[in-house]
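# Architecture at a glance
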Amino acid sequence: MKSIYAVMKKEIKEAFRDRRTLIMSVLLPAVLVPAIVLGIFYFEGRTVEKQNVEGFTVAFQGSQQLRSFLSQANLKVMEVPDVEKAVLEKQADVGIIEQQTPSQSKVIVVTSYASGTSGDSAVSYLNGILPLYREQCIRQYLSQKGINDDVFSLVVVQSKQVGEPMAFAKFFLAYLVSLVMLTSGFVGNVYLGTDIGAGEKERGTLESLLTTPVSRFSIAMGKWLALSALNCMGTLISLLSFTFSYSYAMTHFDMGLGFTPGGSALAIWGAGIWAMIIGAVLLSLTGGALQFIISMYSRNMREAQLYLGQMGMVILPFIFILMPAFTNASAMPTWVFFVPIVNASAVTYNVIIGNVVWPLVGIALLIDVAVAVLLSFVISKFMNRESVILRI
């Protein structure tokens, strides 16, 4: 164990002597991730705030009655000769065309396929208020005919949201954290992965290391654990900085999602912190083992970078596996917990949304530990093969 620790300590020291390691593993996740997350949410919040204050712009053709109704609903009504052209050229967020006949008034809402979030929000707002205009017109018609309009009180429709107010925020966070964990934890730091095996070959320092009294098994284990520890550190910094930034933004910026700014950020992710740590450790061990095997097999750093750069493609199917659960705002299916790599993200996802099934968590952890042990065995075998060590 002492020799493994000595090799691991040596690799970590050498990694931190390189400024690129510090920048890529510590500074970028700690500074860039919060800046991006908070920046996106801040500007999106400003857009929502601006829309709430200024209202939406409506390109309009229709009656004076409808125009007055829209104006009273905090909408900027702009009469134009061509509503569709105005919407396509983004002169207005949405368009309304009212076609009147002696027996009917038909209101058409015009949108563009490229309207963006402002157009979609405007349509949702109009769909919410236009039934009121319809009711207003019917009341006027009944009044003209001398018919009592009490008929509208026969059926009263109300909407009510149930469940936890921050449920959507938790589902969204769980999905994003799962993606960050897969990409950062499994793929890891490609530069470190390249240097720890192929880099030593290229510099000619691997042969010197092999001539020391330290066994090849200890060298392999030390390098693997060092690479896994560095990858885990970068992953945890990315996850924690992203989670805190996301939680702060969701509870302090008005995103138009119905959350009350000023709430507790901890209320969003709660006990998910321990799941992130365990998941990051297991994914880093698995990803670090594959990185080390690929790096040792490669002839030089360029070849290693080529192979390691494709590790991201391995997780693409897993990303598609995660998507249905998020889009349906549901827990992960049971079978996902039996799939190595993706099951660590599934555990984290379920913990964050508050749906923890302990037997499945235990099974997922045992599978990932078994995979890590198996890969450690493969690593030790690789270090004992001269055809791999001398492959230059």
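Structure shown above.
All residue numbers here refer to positions counted from 1 along the written sequence of the relevant chain. Residue-level local features of this predicted model are given only where pLDDT is at least 70; pairs of side-chain atoms are given and counted only at 80 or more, and the full residue set underlies all totals for whole chains, interfaces and linings. The side-chain figures draw on all heavy atoms in the structure; neither hydrogens nor water molecules are used.

Runs of E in the DSSP output that reach at least two residues are strands. Runs of H or I that reach at least four are helices, and both are numbered from the N terminus. Helix span, expected: 1.5 Å multiplied by one less than the number of residues in the helix. Over its 16 residues, helix α1 (residues 2-17) extends 22 Å from the first C-alpha to the last, a length consistent with the 22 Å expected when each residue adds 1.5 Å. Per-residue accessibility, obtained with a 1.4 Å probe over protein chains only, is compared with the maximum for each type, and a residue is labelled buried under 20%, exposed over 50%, and partly exposed between these values. Within the sequence span of α1, burial applies to Ile 4, Val 7, Glu 11 and Ala 15. Seen from one end, α1 has its buried residues packed into an arc of 70°, which puts them on one side. Exposed and oriented more than 90 degrees from the buried face of α1 are Lys 2, Tyr 5 and Arg 17. Each direction from the helix axis to a C-beta atom contributes to the arc, which is the arc of those directions.

Turning our eyes to something else, we now look at a nonpolar patch on the surface. Patch members must show over 30% relative accessible area and no salt bridge, and they are joined within 9 Å when carrying like charges or within 5 Å when they are nonpolar side chains of Val, Leu, Ile, Met, Phe, Trp or Tyr. The Shrake-Rupley method, run with a 1.4 Å probe, gives the accessible areas here. Residue values count only the displayed protein chains as cover. Each reported salt bridge corresponds to a side-chain nitrogen of Lys or Arg within 4 Å of a carboxyl oxygen of Asp or Glu. A grouping of Ile 23, Met 24, Leu 27, Leu 28, Leu 32, Ile 36 and Ile 40 is seen on the molecular surface, where their side chains present a nonpolar patch of about 630 Å² in accessible area. Here Leu 27 shows up in helix α2 (residues 19-54). Residue Leu 27 is classed as partly exposed on the basis of its relative accessible area of 47%.

What follows deals with the pattern of salt bridges. Under the defined criterion, the tally for this structure stands at 10 salt bridges. The partner of Glu 386 in a salt bridge is Arg 216, and the shortest N-O contact between them spans 2.7 Å. Of this pair, Glu 386 sits in helix α17 (residues 386-389) while Arg 216 sits in helix α9 (residues 216-252), and the two are 170 residues apart along the sequence. Here the salt bridges share partners, and the residues they tie into one network are Lys 10, Glu 11, Glu 14, Glu 200 and Lys 223.

A word on the sheet that holds strand β3 (residues 94-101). Note: two strands are recorded as paired if DSSP finds a minimum of 2 bridges between them. Strand order across the open sheet formed by 4 strands is β2-β1-β3-β4, with mixed pairing between neighbours. Since the sheet does not close on itself, it has two edges, and those belong to β2 (76-79) and β4 (104-110), each with one partner. Strand-to-strand twist of the sheet, defined as the mean angle between neighbouring strand axes without regard to direction, takes the value 25°. Across 7 bridges, the pairing between β3 and β4 is antiparallel. Across the sheet, the residue bridging to Gly 95 is Val 110, located in β4. Here, two residues are considered to be in contact whenever any of their heavy atoms come within 4.5 Å of each other. Throughout, an axis means a line fitted to C-alpha atoms (over the contacting stretch in the case of helices), and angles, computed between N-to-C directions, take values from 0 to 180 degrees. Sheet contacts for helix α3 (residues 64-72): β1 (57-61), β2, β3 and β4; angle to β2, the most-contacted strand, approximately 145°.

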